[in-house]
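# Coordinate analysis (summary)
Residues per chain are reported as follows:
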Amino acid sequence: MKNTETITENKIFTRLYGKGRTAVSGSAVVYYRQNNLHKNRLGLTSTKKIGCAVKRNRARRVIREAYRLLEDRLKVGYDIVIVARTKATSVTMFAVKSDLERAFRTAGLIRVSENDSTDTAE
């Protein structure tokens, strides 16, 4: 991931849970907040409610790949924590990607480019 580094400090996770904004999708909950840096910072979590370690690791792995595919379209300068939900263990990576894209769009984290036009009337 070229514009993203990993969040490893617990205080950043705690700050995002407390003061960050949220966007919810079927397979993940996204907490986000501006960080005034020229890069994004990403943290992934999955709780024991999801299942055994194999399922939790799969959920994080699938979410990480979906994020990687969406990374070029995201705005830069945010701390993002993605919390896996139970659905993330049983669906394909493409379903998780569309869920994350929907959550990022709701949060306003997707960059608007000149090529993306919702107007198709010509």
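Residues numbered from 1 in each chain as written. Predicted model: local features only at pLDDT ≥ 70, side-chain atom pairs only at ≥ 80, totals over all residues. Heavy atoms only, no water.

Among the nonpolar cores identified, the biggest contains 28 residues, and Val30, Ile63, Ile80, Ile82, Leu100 and Phe104 are the most heavily contacted of them. Of all the secondary-structure elements, those providing two or more residues to this core are strand E3 (28-34), strand E4 (40-45), helix H2 (53-70), strand E5 (78-84) and helix H3 (93-107). Listed in part, the eight residues of the second largest apolar core include Ile7, Ile12, Val29 and Val83. (Core = buried A, V, L, I, M, F, W, Y, C linked by side-chain atoms within 4.5 Å. Buried < 20%, exposed > 50% of the residue type's maximum accessible area, 1.4 Å probe, protein only. Helix = DSSP H or I, 4+ residues; strand = E, 2+ residues; numbered from the N terminus.)

Here the structure, examined in full by the defined rule, presents three aromatic pairs. When the ring of Tyr17 is compared with that of Tyr31, the centres are 5.0 Å apart and the planes differ by 80°; the resulting orientation is edge-to-face. In this pair, Tyr17 is assigned in helix H1 (residues 10-19) and Tyr31 in strand E3, connecting sequence segments 14 residues apart. According to the relative accessible area criterion, Tyr17 is partly exposed, its value standing at 37%. Considering the side-chain rings of Tyr67 and Phe104, the 6.3 Å spacing of their centres and the 80° angle between planes classify their relative orientation as edge-to-face. Taken together, the residues Tyr67 in helix H2 and Phe104 in helix H3 connect sequence positions 37 residues apart. The two residues Tyr67 and Phe104 agree in class, both being buried. Ring-pair connections join several aromatic residues into one group, and the members of that group are Phe13, Tyr17 and Tyr31. (Phe/Tyr/Trp six-rings, centres within 6.5 Å; stacked < 30°, edge-to-face > 60°.)

In short, geometric facts, not functional conclusions.
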